[in-house]
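Working through the structure, step by step
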Amino acid sequence: MRTFLGAALTAAAVAAAALTTAPARAEETIKVGILHSLSGTMAISETTLKDVMLMLIDEQNKKGGVLGKKLEPVVVDPASNWPLFAEKARELITKDKAAVVFGCWTSVSRKSVLPVFKELDSVLFYPVQYEGEESERNVFYTGAAPNQQAIPAVDYLLKEEGVQRWVLAGTDYVYPRTTNKVLEAYLKDKGVAESDIMINYTPFGHSDWQTIVSDIKKFGSTGKKTAVVSTINGDANVPFYKELGNQGVKATDIPVVAFSVGEEELAGIDTAPLVGHLAAWNYFESVDTPENKAFIEKWKAFTKNPKRVTNDPMEAHYIGFNMWVKAVEKAGSVEADKVIDALPGVEQANLTGGISKMLPNHHITKPVLIGEIKDDGQFDVVSKTDDLVPGDAWSDFLPGSKDLEADWVGKKCGNFNTKTNKCGGQGS
């Protein structure tokens, strides 16, 4: 009887010890949420972003972690399902206790999670080019705003290619529609007639491009130099580019400049018919700098695959992650409010040979590069801005936006109206 009682007491003591040490164990690491689609139509683009985050976290842990604690990645798969992004974001913050989340690709997924990050006062780093018209206190935008990608790409086609007719082709959701709204206003401001602008939208995962490519060819057969500005996202790009090749649409005839096609997307298709078509990004793997060479070597070693490529959103995560680490160390805390206040002004060397800075509008400074597709799936950089371009949250070319300014440092506002001197009350 005494033995049984002793065993019971011992078991109770062990259980009690477990209860008292569990919270301490939970605080031994800093959780980092990774919110990227690993299945569905966007997996072609987002899986590699999950992988690069794992690499960056592994590297930081080898340096000793952050604030003396190891970082622990928490990976979830929202499966290209926009409402599921919000559900998974809430789980990361409330259940997994993630101090920060790196994730989303499409703007519809970002819009889906915004209310969650605001409600729970957490931090999201968003690494992909987007349509602008937004600046949220809880979000840091390390991808390009329209003035860091779309506008410079159109300027290049106007000046260098002499383009007069424009096909704005996109996937049917908020990023292409808003970006094309900005571009349409910009082109008209440059004197382009409405009849010289063709706009087309297709659903996610669209695969039958025969009619649309035929329409593009017809639109470009009037004798005026024509170009396609593509905001097509995800795996729909593969059959789109294949159909361009099938119908003999060459870059010398109708160049395509893409905003969502990089090295990762080209890795799965025959690029021979696409040579000379363009992409506008802020980073290309082919950029020859010591920083980029070191990054590529680490990436190939980490993935144990010499064929794995790098791309622009990966660099955006590289910049954002390192900025977050610096802000945490500056604040001495992973608490969201302290990190949010510490981030503006933080600088980080990018991989193309410049120093990117987090601005008060929660966007960063970036170079703008235009690259031509080569037959090996890489890009030949044909244009690069002399200086880094500050990301502009609100377009100068839309009537409702040109008077708005985002400033989370001085004005504590994401959409301050410079005409009325009033804050709009929200950032988007």
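Summary of the structure given here. (Residues numbered from 1 in each chain as written. Predicted model: local features only at pLDDT ≥ 70, side-chain atom pairs only at ≥ 80, totals over all residues. Heavy atoms only, no water.)

As a further point, take the environment of Gly-400. Tracing the sequence through the fold places Gly-400 in the loop between strand E16 (389-390) and strand E17 (404-407). A C-alpha to C-alpha distance of 35 Å links Gly-400 and Tyr-241, two positions 159 residues apart in sequence. (Helix = DSSP H or I, 4+ residues; strand = E, 2+ residues; numbered from the N terminus.)

This part is about the environment of Val-409. Tracing the sequence through the fold places Val-409 in the loop between E17 and strand E18 (413-417). Contacts of Val-409, omitting those with residues within four sequence positions, involve Pro-344 and Pro-360. (Contact = heavy atoms within 4.5 Å.)

Below, the discussion takes up the packing of aromatic side chains. Summed over all chains, the structure comprises 16 aromatic pairs. An angle of 90° between the planes, with centres 6.4 Å apart, marks the rings of Phe-102 and Trp-324 as edge-to-face. Of this pair, Phe-102 sits in strand E3 (residues 100-103) while Trp-324 sits in helix H11 (residues 312-331), placing them 222 residues apart in sequence. The structure contains a cluster of three or more aromatic residues connected by ring pairs, namely Trp-82, Phe-85, Tyr-173, Tyr-175 and Phe-204. The cationic tip of Arg-177 hangs over the ring face of Tyr-201; the distance from NZ or CZ to the ring centre is 4.0 Å. Stacked on the ring of Phe-416, the Lys or Arg Lys-411 has its end atom at 5.2 Å from the ring centre. (Phe/Tyr/Trp six-rings, centres within 6.5 Å; stacked < 30°, edge-to-face > 60°. Lys NZ or Arg CZ within 6 Å of the ring centre and 35° of its normal.)

With that settled, consider the state of the cysteines. Inspection of every chain in the model, using the stated rule, returns one disulfide. Bridging Cys-413 to Cys-423, the disulfide has an S-S length of 2.1 Å. Negative torsions about the S-S bond denote left-handed disulfides, and the value of about 90° found for Cys-413 with Cys-423 makes this one right-handed. With Cys-413 in strand E18 and Cys-423 in strand E19 (residues 422-423), this pair connects stretches of sequence that are ten residues apart. (Disulfide = S-S within 2.5 Å.)

Pairing in this open sheet of three strands is antiparallel, and the strands run E17-E18-E19 from one edge to the other. In this open sheet, the two strands that pair with only one neighbour each are E17 and E19. (Pairing = 2+ DSSP bridges.)

So, on to the environment of Pro-146. Relative to the helices and strands, Pro-146 is located in the loop between strand E5 (139-141) and helix H5 (150-160). Pro-146 has contacts with Tyr-130, Glu-131, Gly-132, Ile-151 and Pro-152, leaving out every residue within four places of it along the chain.

Leu-35, Phe-125, Phe-321 and Trp-324 are the most contacted members of the largest nonpolar core, which totals 64 residues. It is H11 that provides the largest number of residues to this core, a total of nine residues. Here Trp-324 is in contact with Ile-30, Val-32, Leu-71, Val-100, Phe-102, Phe-125, Val-334, Val-339 and Leu-343, once residues within four sequence places are set aside. In terms of nonpolar packing, the next biggest core, distinct from the first, is built from 30 residues, Met-198, Trp-209, Val-256 and Phe-284 among them. (Core = buried A, V, L, I, M, F, W, Y, C linked by side-chain atoms within 4.5 Å. Buried < 20%, exposed > 50% of the residue type's maximum accessible area, 1.4 Å probe, protein only.)

What follows deals with the sheet that holds strand E9 (residues 256-258). The seven strands lie next to each other as E7-E6-E8-E9-E10-E14-E15, forming an open sheet whose pairing is mixed. Only two strands of the sheet have a single neighbouring strand rather than two, namely strand E7 (197-202) and strand E15 (379-384). Each strand axis lies, on average, 25° off the axis of its neighbour in the sheet, ignoring direction. In this structure, strand E14 (residues 369-373) lies alongside E15, joined through five bridges in antiparallel fashion. The residue bridging Ile-373 from the neighbouring strand is Phe-379, located in E15. (Axes fitted to C-alpha atoms, helices over the stretch in contact; angles between N-to-C directions.)

Compared with an ideal rise of 1.5 Å per residue, which puts 20 residues at 28 Å, helix H2 (residues 43-62) spans 29 Å between its outermost C-alpha atoms and is within 8% of the ideal. A large share of H2 lies buried, amounting to 14 of its 20 residues. Two residues or fewer after H2 comes Gly-64, characterised by a positive phi angle close to 110°. (Expected span 1.5 Å × (residues − 1).)

Inspection of every chain in the model, using the stated rule, returns 20 salt bridges. A salt bridge links Asp-121 to Arg-137, with the shortest nitrogen-to-oxygen separation between them at 3.0 Å. Taken together, the positions of Asp-121 in the loop between helix H4 (107-120) and strand E4 (124-126) and Arg-137 in the loop between E4 and E5 put the pair 16 residues apart, joining distant regions of the chain. Under the relative-accessibility criterion, Asp-121 is labelled partly exposed at 26%. (Salt bridge = Lys/Arg side-chain N within 4 Å of Asp/Glu carboxyl O.)

Apart from glycine, the bulk of residues carry a negative phi angle, and the bulk of peptide bonds sit in the trans form. Within the chain, Asp-121 stands out as a residue other than glycine whose phi angle is a positive 50°. One non-glycine residue with positive phi stands out, namely Asn-421, at about 55°. Secondary-structure assignment places Asn-421 in the loop between E18 and E19. What makes Asn-421 exposed here is its relative accessible area of 56%.

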